[in-house]
Amino acid sequence: TCIACNQACLDHTFKLKRSTCLVNPRACYETELVSKPAEAPKKMAVVGAGPAGLAFATSAAERGHDVTLFESAAQIGGQFNLAKRVPGKEEFEETLRYFRKRLEITGVQVRLNQRAKADDLKGFDHVVLATGVLPRKPRIPGMDHAKTVFYADVLTGKKVIGNRVAIMGAGGIGFDVAEFLLHGHGASPSLDIPAFLKEWGVDRRAEARGAVEGVKAEPAAPPRQVYLVQRKTTPHGKGLGKTTGWIHRAQLKMKNVSFVGGADYTRIDDRGLHYKDAQGAEKCLEVDHVVICAGQEPLRELEAPLKAAGVQVHLIGGADVAAELDAKRAIRQGTELALSL
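Residues numbered from 1 in each chain as written. Predicted model: local features only at pLDDT ≥ 70, side-chain atom pairs only at ≥ 80, totals over all residues. Heavy atoms only, no water.

Draft legend 1. How the structure looks around the overall build of the chain. When helices and strands are tallied, the chain shows 10 helices and 15 strands. Taken over the C-alpha trace, the chain has a radius of gyration of 22 Å; the compact-globule value for 341 residues is 20 Å, and the two agree within 12%. Projected onto its principal axes, the C-alpha positions of the chain cover 65 × 55 × 35 Å. Taken across its 341 residues, the chain has 48% of its residues classed as buried. (Helix = DSSP H or I, 4+ residues; strand = E, 2+ residues; numbered from the N terminus. Rg over C-alpha atoms; globule rule 2.2 N^0.38 Å. Buried < 20%, exposed > 50% of the residue type's maximum accessible area, 1.4 Å probe, protein only.)

Draft legend 2. Examining unusual backbone geometry more closely. Even without a glycine there, the phi angle at A4 is positive, about 60°. Not every positive phi belongs to a glycine, and N6 is a case in point at roughly 70°. On the secondary structure map, N6 appears in the segment before α1 (10-13).

Draft legend 3. Representation of the packing of helix α2 (residues 51-62) against helix α4 (residues 92-106) in the model. It is at 9 Å that the axes of α2 and α4 come closest, and there the two elements cross at 30°. Taken together, the axis directions place α2 and α4 in an arrangement best described as roughly parallel. The two elements α2 and α4 meet at a crossing, and its hand is left-handed. Along the contact surface, α2 presents L54, A55, T58, S59, A61 and E62, while α4 presents L96, F99, R102, L103 and T106. Class assignment of the residues belonging to the contact of α2 with α4 gives a composition of six nonpolar, three polar and two charged. (Axes fitted to C-alpha atoms, helices over the stretch in contact; angles between N-to-C directions. Parallel < 35°, antiparallel > 145°, perpendicular 65-115°, else oblique. Left-handed = near helix turned anticlockwise from the far one by under 90°. Contact = heavy atoms within 4.5 Å. Nonpolar A, V, L, I, M, F, W, Y, C, P; charged D, E, K, R; others polar.)

Draft legend 4. Representation of the nonpolar core within the structure. In terms of nonpolar packing, the biggest core is built from 32 residues, with L22, L54, F56 and V67 touching the most fellow members. Contributing elements (two or more residues each) for this core: β1 (43-47), α2, β2 (66-70), α3 (80-83), α4 and α10 (327-340). It is α2 that contributes the most residues to this core, seven residues altogether. Not counting residues within four places of it along the chain, the set of residues in contact with V67 comprises M44, V46, A57, A60, A61, V108 and Q109. (Core = buried A, V, L, I, M, F, W, Y, C linked by side-chain atoms within 4.5 Å.)

Draft legend 5. Molecular detail of the side chain of E179. Relative to the helices and strands, E179 resides in helix α6 (residues 172-181). Of the buried charged residues, E179 lacks a salt bridge, with K255 as the closest side chain of opposite charge at 7.2 Å. Contacts of E179, omitting those with residues within four sequence positions, involve V86, P87, H248, Q251 and L252. (Lys, Arg positive; Asp, Glu negative; His and termini not counted. Salt bridge = Lys/Arg side-chain N within 4 Å of Asp/Glu carboxyl O.)

Draft legend 6. Spatial organisation of the sheet that holds strand β12 (residues 282-286). Across the sheet, three strands lie side by side as β10-β11-β12; this open sheet has antiparallel pairing. The open sheet has two free edges, formed respectively by β10 (264-268) and β12, since each of these has just one partner strand. Direction aside, the axes of adjacent strands within the sheet are offset by 25° on average. Relative to β12, strand β11 (residues 272-276) runs antiparallel, the two being bridged by five bridges. When the bridges of β12 are listed, K276 appears paired with E282. (Pairing = 2+ DSSP bridges.)

Draft legend 7. Broad picture of the pairing of strand β4 (residues 126-129). Burial along β4 is two-sided: the residues H126 and V128 and V127 and L129 are all buried. As paired strands, β1 and β4 are joined by four bridges and run parallel to one another. Residue pairing for β4: V47 is matched across the bridge by L129. Pairing of β4 with strand β15 (residues 312-315) involves four bridges; the strand directions are parallel.

Draft legend 8. View of the pattern of salt bridges. Enumeration according to the criterion identifies 18 salt bridges in this entry. The residue K307 makes a salt bridge to E303 at a minimum N-O spacing of 3.1 Å. On the criterion of helical spacing, the pair formed by K307 and E303 is a turn pair, its members being four residues apart in helix α9 (residues 303-308). Salt-bridge contacts for R332 lead to E336; the nearest nitrogen and oxygen are separated by 3.1 Å. A residue pair is termed a helical-turn pair when its members lie 3 or 4 positions apart in one helix, as R332 and E336 do in helix α10 at four residues. Judged by relative accessible area, which is 35%, E336 ranks as partly exposed. Because the salt bridges share partners, they merge into one network encompassing K84, E93 and R100.

Draft legend 9. Region of the structure containing α10. Helix length check: α10, at 14 residues, gives a terminal C-alpha distance of 20 Å against a target of 20 Å (1.5 Å per residue), a fit within 8%. Every buried residue of α10 is listed here: A327, A330, I331, R332, G334, T335, L337, A338 and L339. For α10, the secondary structure elements touched by its buried residues are α2, α3, β4 and β15. Here α10 starts with a cap whose side-chain oxygen sits 3.0 Å from the backbone nitrogen of K328, and that cap is D326. (Expected span 1.5 Å × (residues − 1). Polar contact = N/O pair within 3.5 Å; in protein donor to acceptor, adjacent residues only side chain to side chain.)

Draft legend 10. Region of interest: the sheet that holds β1. Pairing in this open sheet of five strands is parallel, and the strands run β3-β2-β1-β4-β15 from one edge to the other. Among the strands making up the open sheet, the edge pair consists of β3 (109-111) and β15. Shown here is a sheet whose adjacent strand axes are inclined to one another by a mean of 20°, direction ignored. Relative to β2, β1 is paired through five bridges, and the arrangement is parallel. Its bridge partner lying in β2, K43 is registered against D66. Packing against the sheet, α2 makes contact with β1, β2 and β4, and its axis sits at approximately 165° to β1.

The structure is reproduced here in structure tokens:
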């Protein structure tokens with residue numbers, strides 16, 4: 001099912017690259033990514049049921065390999081379980097629905113609530129680590145302060161966030177967290193058509209020119225003040241999707257988000273987030289919480305002991321490259337590896 005991300009289709013087209021699909025990497029690669037029965041079926045273990053692990057497990061099992069998928073959580077999905085909570089990204093659940101069915105059809109043995117250890121994996125011919133990432137913890141004073149929270153705790157609702165919030169990091173996750181916080185706990189406008197049309201000023205009757213000219217946008221009042229802060233001096237959201245980035249920037253501007261760039265973070269304390277601006281002046285955002293969206297680090301704790309035991313180990317997804325969470329790369333990488341073994 002299309003999740004309307006545009007990342008591998010339209011974004012590729014407007015960069016003069018071959019179009020494909022985030023959730024179906026074989027699209028437009030049908031003669032290159034060919035799934036054939038394995039000549040010598042192997043016993044394989046996959047650790048981590050995020051997009052990369054799911055793509056590998058189902059593609060490998062479809063070829064006839066004996067695949068066991070280990071997942072420490074109670075459900076499959078990895079970071080997609082966070083993404084689907086963001087207003088406008090509810091369709092991500094469709095990808096997980098698809099993979100749940102694929103696991104069933106291809107006969108993958110799924111072991112949920114089981115954090116695999118190296119000893120559990122020594123009897124397999126191949127072990128694929130799709131263990132994902134851990135949020136990166138910036139080295140500034142105050143990271144253990146009560147006001148400091150990490151993005152996963154915000155998106156899962158584990159932390160109740162105050163009315164004034166600074167988001168540290170303005171990449172894709174920072175924008176997603178801002179979007180989440182700006183819609184409170186009400187219905188997502190993307191699931192409420194009249195609310196969506198009102199928020200963006202769209203005339204569904206098409207009486208206005210282009211269905212928008214002269215129609216006043218009436219966005220709902222934001223439930224809190226949000227500051228989106230980044231170290232870079234480049235425009236916020238510059239690295240977002242070519243065809244969708246403007247929407248996210250417009251949405252945050254509509255909700256009166258304050259964009260702060262060129263920030264050299266110095267500390268987090270009872271007042272809030274302290275930083276030096278691009279001119280070196282000391283500043284402080286007096287907020288209730290500081291949400292950390294400052295990148296990720298690969299989770300590879302199993303790699304060294306497995307290699308020491310002589311097990312063939314493969315890294316995919318965030319466990320391979322964690323610099324930017326990229327489901328397009330993760331699903332494609334998992335698929336390509338499964339077709340190559």
